[in-house]
2 protein chains.
Amino acid sequence: MERKKIAIVGVGLIGGSLAIQLHEKKISSRLIGVDMSKEHEQKALELELVDEVMDMDEAIEASDVIILAIPVDKLVELLPALMDRIDKQIVVDLGSTKAQLVNVIKNHPKRGRYVATHPMWGTEYSGPQAAVRGAYENKAVIICNPDESDADALEWVRYMYKKIGMHLLEMEAKAHDLHAAYVSHISHITSFALANTVLEKEKEEQAIFELASAGFESTVRLAKSNPAMWVPIFMQNKENVLDVLKEHIAQLTRFKESIEKEDSGYLMKLIEDANKIRRIIK
Amino acid sequence: MERKKIAIVGVGLIGGSLAIQLHEKKISSRLIGVDMSKEHEQKALELELVDEVMDMDEAIEASDVIILAIPVDKLVELLPALMDRIDKQIVVDLGSTKAQLVNVIKNHPKRGRYVATHPMWGTEYSGPQAAVRGAYENKAVIICNPDESDADALEWVRYMYKKIGMHLLEMEAKAHDLHAAYVSHISHITSFALANTVLEKEKEEQAIFELASAGFESTVRLAKSNPAMWVPIFMQNKENVLDVLKEHIAQLTRFKESIEKEDSGYLMKLIEDANKIRRIIK
């Protein structure tokens, strides 16, 4: 496939890591960075994540493909306005929620040029300096509502993700948002809440620092994640996230009650049930 | 320090991993395995974790040091009976809760021969085949109530842990149990409950399997942990675990309410508070 001029809007963790892959896999002939933050743009140039930076209008003009790697609240604002201004360019987003976005653009005359995607990769860090080489490899990417995209746009986006080593799944945006609540969003909430629990109650921070084991670190590390990214995700996926969160509180309450009643048999059963996650996570 | 004949009671994940270190660091002249399970004993021999296996009476007779790496409910039963039968041997346990154990042995005439310890290391796997090389290195180990141990016993236990690369901390058993609730026990409960939440509600296991990201895996991996080890820990540390668990449920409820009310400002604050864990966990 011919190399394309690609603009990446949002050159942080997600966009920056993708930029590295696009360059290394020779998918891009030229990488253009666009970011609301001049500091991020400068950093992205310094780190050679992109070849040059432009403002949005110039970038639209200069690109074959526009990749949006910005928080989901910004996506919902930007996408319709952007679609008004494009010609034949392909527009792709990498957002963690899909239903509202797909809905907002549903009847746009240029809808076909847009492909809704969610590559299932991230870390708890943010900004261009958090970008990492080899991100996305061997991870899943979900393409939502593929029937609503033009065949050529879809074909190129599939090519891009395969070339960077991702395995492709397709589903409706609503199904995506439900599954994402389970396999990603709830993990972040539990981790944020765990951090607050420990920070609230354990006044001896030196003790946490010295004693924290690998188990604690792995359950709490997501608590370092960027609020500007996660607040809009939880808000846009409100119904699903609340469903899962209520269930999670109910499950924790079962643990609480079994310990209060010293009901070892029930506690044993709860943990044996949890062990069944081995079927799914090796 | 002269190499010693060491018996390890419980040749699973914890005892087996320690055995590897004792052998490699030339701390032991001979390693004797004791396990309730003949299968585990056989496996430990096959994997060369220990040099030979014996029953408890033989092992007491043949050893200079007896290391107990069994669940904390078994420890509370075994320790007083064992102390009745030793002569000058050093007895060390590796249990995750300390207050009840130290209390049960408090007035034993041989109390001085016993050193209460908790090396802060583990994985979600169990059994001799889960033993790993290099475990414990660069982790913390807590020695509880050191004043109640004989000077020579304490000296040797400190020597052993330093030699395998651990950094030593000392504290009272009650303080240990409080800190352990925060930095270890609560993480396991949240992870068990998260696994049950997902298994209960997400009926499409294939979707979890395909979509699960690194974030989900890291928050849920502890859910594979062994119930025979964890039920007694939660029961013995009931008061502290319940305190922390109630706070955790309260914190999750704040997330739930902020999402229900679509209060982005409050949700932002909750996440910014959680981000402060960066001060402690790099």
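Now for a look at the structure at hand.

Because the α-helix completes a turn every 3.6 residues, residues three or four places apart line up on one side. Residue and element names in this part refer to chain A. Relative to the 42 Å expected for 29 residues at 1.5 Å per residue, helix 7 (residues 173–201) spans 40 Å between its end C-alpha atoms, a close match to the ideal helical length. Bending of helix 7 peaks at approximately 50° at the position of Ala181. Most of helix 7 sits out of view: 25 of its 29 residues are buried.

Moving on, we come to the sheet that holds strand 8 (residues 167–171) of chain B. Taken together, the 8 strands give an open sheet; going across it, the order is 3-2-1-4-5-6-7-8 (chain B), and neighbouring strands pair in mixed fashion. Two strands bound the open sheet, and with one partner strand each, they are strand 3 (52–53) and strand 8 of chain B.

This part covers the relation of the copies chain A and chain B. The two copies are related by a screw motion: chain A maps onto chain B through a turn of 180° and a shift of 0.0 Å along the axis, at an RMSD of 0.0 Å. Look at the turn and shift together and you get a two-fold axis relating the two. Within chain A, the C-alpha atom positioned nearest to the axis of rotation is that of Thr219(A), 2.2 Å from it. A share of 100% of interface residues in chain A that are also interface residues in chain B marks the association as one of identical surfaces.

It is worth spelling out the pairing of strand 6 (residues 114–119) of chain B at this point. Residue and element names in this part refer to chain B. Counting buried positions over the 6 residues of strand 6 gives 6, a clear majority of the element. Relative to strand 6, strand 5 (residues 90–93) is paired through 3 bridges, and the arrangement is parallel. By the bridge assignment, Asp93 is partnered in strand 6 with Ala116. Each parallel crossover has a hand, and for strand 5 linked through helix 5 (residues 99–104) to strand 6 it is right-handed. The sheet contact formed by strand 6 and strand 7 (residues 140–144) spans 4 bridges and is antiparallel. Among the inter-strand pairings, His118 is bridged to a residue of strand 7, identified as Ile142.

Before going further, it helps to spend a moment on the interface of chain A and chain B. If you look at the interface, chain A gives 80 residues, while chain B gives 80 residues. Where the side of chain A that touches chain B is concerned, the elements lending two or more residues are helix 7, helix 8 (205–211), helix 9 (214–220), helix 10 (227–236), helix 11 (238–260) and helix 12 (264–275) of chain A. Examining the composition of the side of chain A that touches chain B, we find that 20 residues originate from one element, helix 7 of chain A, more than from any other. Looking at the side of chain A that touches chain B, its residues break down into 44 nonpolar, 18 polar and 18 charged.

With 23 residues, helix 11 (residues 238–260) of chain B extends 32 Å between its outermost C-alpha atoms, agreeing within 8% with the 33 Å of an ideal straight helix rising 1.5 Å per residue. By the burial criterion, the buried members of helix 11 of chain B are Asn240(B), Val241(B), Val244(B), Leu245(B), His248(B), Gln251(B), Leu252(B), Phe255(B), Ser258(B) and Ile259(B). Summarising the contacts, the buried residues of helix 11 of chain B are in contact with helix 7, helix 10 and helix 11 of chain A together with helix 7 (173–201), helix 10 (227–236) and helix 12 (264–275) of chain B. Positioned one or two residues after helix 11 of chain B, Glu262(B) has a phi angle of 50°, which is positive.

This part covers the sheet that holds strand 8 (residues 167–171) of chain A. Residue and element names in this part refer to chain A. Read from one edge of the open sheet, 8 strands run 3-2-1-4-5-6-7-8, paired in mixed fashion. The open sheet is flanked by strand 3 (52–53) and strand 8, the only strands paired with a single partner. Sheet analysis places strand 4 (residues 65–68) next to strand 5 (residues 90–93), joined by 4 bridges and oriented parallel. Paired with Ile67 across the strands is Val92, a residue of strand 5.

Calculation criteria
Residues numbered from 1 in each chain as written. Chains lettered and ligands numbered in written order. Predicted model: local features only at pLDDT ≥ 70, side-chain atom pairs only at ≥ 80, totals over all residues. Helix = DSSP H or I, 4+ residues; strand = E, 2+ residues; numbered from the N terminus. Expected span 1.5 Å × (residues − 1). Bend = angle between axes of the 7 residues up to and from the residue. Buried ≥ 20, exposed ≤ 12 C-beta atoms within 10 Å, placed from the backbone. Pairing = 2+ DSSP bridges. Least-squares fit on C-alpha atoms with pLDDT ≥ 70 in both. Contact = placed C-beta atoms within 7 Å. Right-handed = clockwise from strand over helix to strand, strands pointing away. Nonpolar A, V, L, I, M, F, W, Y, C, P; charged D, E, K, R; others polar.

No statement about biological role is implied by the geometric values presented.
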